[in-house]
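Fold and geometry: a report
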Amino acid sequence: MCWSATADLVAGSAIAAVGAACVLRTRRVRDLPLAALPLLLGAHQIIESAVWRAEGGTGPATVAWAVIALPVLALWVPAGVLCAAPPHARRRLLVPLAAGAATSAVLGYGLAVRPVTARIRGHTLGYVLDLPLPVLLVAGYLLATVGSLLLSGDRWLTWLGGLAAVGAGVCAALWRLEFVSTWCAFAAVCSVVLLGRSGRRPAPDAAPAGS
């Protein structure tokens, strides 16, 4: 199925419904940010359907899409993983969280002072935002998002991180100029993995040593 306004609307609605189910099935408050990720990504795809209908450009839908895709996800994912992760993994997750905070700050500032433009390229959308040190920003973004999932110490989250990493490689190879759009769509589909995680009985946190 090629990307289009209809495809994004249908896929986004389905993924958002999965996200709502994840939130309803979640048993711990600290799992809620991560459980809500499919809901956020589904809404993100619905917003992109509005970008299609506007035929790209620099309108409100483009800006809203870029804000979620760039600064919001760069911080939301590692923070959500840190909240949900088992105690033994939390210290190492501070690294992707720090990378996410720094990357989110730079991306947020870039969106505040520079225009972002969406351009239709065949059956994909490309988003153009002139930022300094793009390679470093991409590395920080992937460390924050994919890296936090892979380091989570949780089987479901590690599986999601592996899928996201494979998707990043495929999207970068096939759609270099449309990487952000295609990878976000791929990540949204993969996020349905969280439905399985949300329904499981949470393992109790380990008791502190010496207790």
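Residues numbered from 1 in each chain as written. Predicted model: local features only at pLDDT ≥ 70, side-chain atom pairs only at ≥ 80, totals over all residues. Heavy atoms only, no water.

1. Some points on the overall build of the chain
Looking only at helices and strands, the chain features nine helices and two strands. Its helices and strands taken in sequence order, the chain reads α-α-α-α-α-β-β-α-α-α-α from the N to the C terminus. By the compact-globule yardstick of 17 Å for 211 residues, the chain fits well, its C-alpha radius of gyration being 17 Å. Considering only C-alpha atoms, the chain reaches an extent of 60 × 35 × 30 Å along its principal axes. Relative to its 211 residues, the chain shows a buried fraction of 45%. (Helix = DSSP H or I, 4+ residues; strand = E, 2+ residues; numbered from the N terminus. Rg over C-alpha atoms; globule rule 2.2 N^0.38 Å. Buried < 20%, exposed > 50% of the residue type's maximum accessible area, 1.4 Å probe, protein only.)

2. Some remarks on the pairing of strand E1 (residues 117–121)
Side-chain direction in a regular strand flips from residue to residue, so the side chains alternate between the two faces of the sheet. Looking at chain direction, E1 and strand E2 (residues 124–128) are connected through five bridges and run antiparallel. From the neighbouring strand, Arg121 faces E2, where its bridge partner is Thr124. Counted along the chain from E1 to the antiparallel partner E2, the turn is two residues long, and its residue Gly122 has a positive phi close to 65°. (Pairing = 2+ DSSP bridges.)

3. With respect to helix H8 (residues 179–190)
When the terminal C-alpha atoms of H8 are compared, their 16 Å separation across 12 residues agrees well with the 16 Å that a helix rising 1.5 Å per residue should span. Along H8, the residues classified as buried are Phe179, Ser181, Thr182, Trp183, Cys184, Ala185, Ala187, Ala188 and Cys190. (Expected span 1.5 Å × (residues − 1).)

4. Overview of the side chain of Thr62
When you line up the elements, Thr62 lands in helix H4 (residues 60–84). With a relative accessible area of 2%, Thr62 lands in the buried category. There is a polar contact of 3.1 Å between the side chain of Thr62 and the backbone oxygen of Gly57. Residue contacts for Thr62: discarding those within four places in its chain leaves Val51, Gly56, Gly57, Val116, Thr117, Ala118 and Tyr127. (Polar contact = N/O pair within 3.5 Å; in protein donor to acceptor, adjacent residues only side chain to side chain. Contact = heavy atoms within 4.5 Å.)

5. Quick word on the environment of Ala20
Relative to the elements of secondary structure, Ala20 occurs in helix H1 (residues 5–25). Given a relative accessible area of 32%, Ala20 falls into the partly exposed group. As for Ala20 and Leu40, which are separated by 20 residues in sequence, their C-alpha atoms are 9.7 Å apart.

6. Some remarks on the packing of helix H3 (residues 37–53) against H4
Following both chains from N to C, one finds H3 and H4 inclined at 160°, their axes separated by 8 Å at the closest point. One element, H3, and the other, H4, form an angle in the roughly antiparallel class. In terms of crossing hand, the pair formed by H3 and H4 is left-handed. Here Leu37, Leu40, Leu41, His44, Ile47, Glu48, Ala50 and Val51 of H3 come into contact with H4, specifically with Ala61, Thr62, Ala64, Trp65, Ile68, Ala69, Val72, Leu73, Trp76 and Val77. (Axes fitted to C-alpha atoms, helices over the stretch in contact; angles between N-to-C directions. Parallel < 35°, antiparallel > 145°, perpendicular 65-115°, else oblique. Left-handed = near helix turned anticlockwise from the far one by under 90°.)

7. Examining the nonpolar core
Counting 50 residues, the largest nonpolar core has Leu73 and Trp183 as the members making the most contacts within it. Considering each element in turn, this core owes the most residues, 12 residues, to H4. (Core = buried A, V, L, I, M, F, W, Y, C linked by side-chain atoms within 4.5 Å.)

8. Quick notes on the pattern of salt bridges
Opposite charge on two side chains allows them to pair when their charged atoms are near. The final tally for this structure, using the stated rule, is three salt bridges. Here Arg197 ties to Asp31 by a salt bridge, and the two come within 3.7 Å at their closest N and O atoms. Here the residue Arg197 occupies a position in helix H9 (residues 193–198), and Asp31 occupies one in the loop between H1 and helix H2 (32–35), the gap between them amounting to 166 residues. With respect to burial, Arg197 and Asp31 carry one shared label: buried. The residue Arg197 makes a salt bridge to Asp154 at a minimum N-O spacing of 3.2 Å. Of this pair, Arg197 sits in helix H9 while Asp154 sits in the loop between helix H6 (134–150) and helix H7 (155–174); the two residues are 43 residues apart in sequence, bridging distant segments of the chain. According to the relative accessible area criterion, Arg197 is buried, its value standing at 7%. Judged by relative accessible area, which is 5%, Asp154 ranks as buried. (Salt bridge = Lys/Arg side-chain N within 4 Å of Asp/Glu carboxyl O.)

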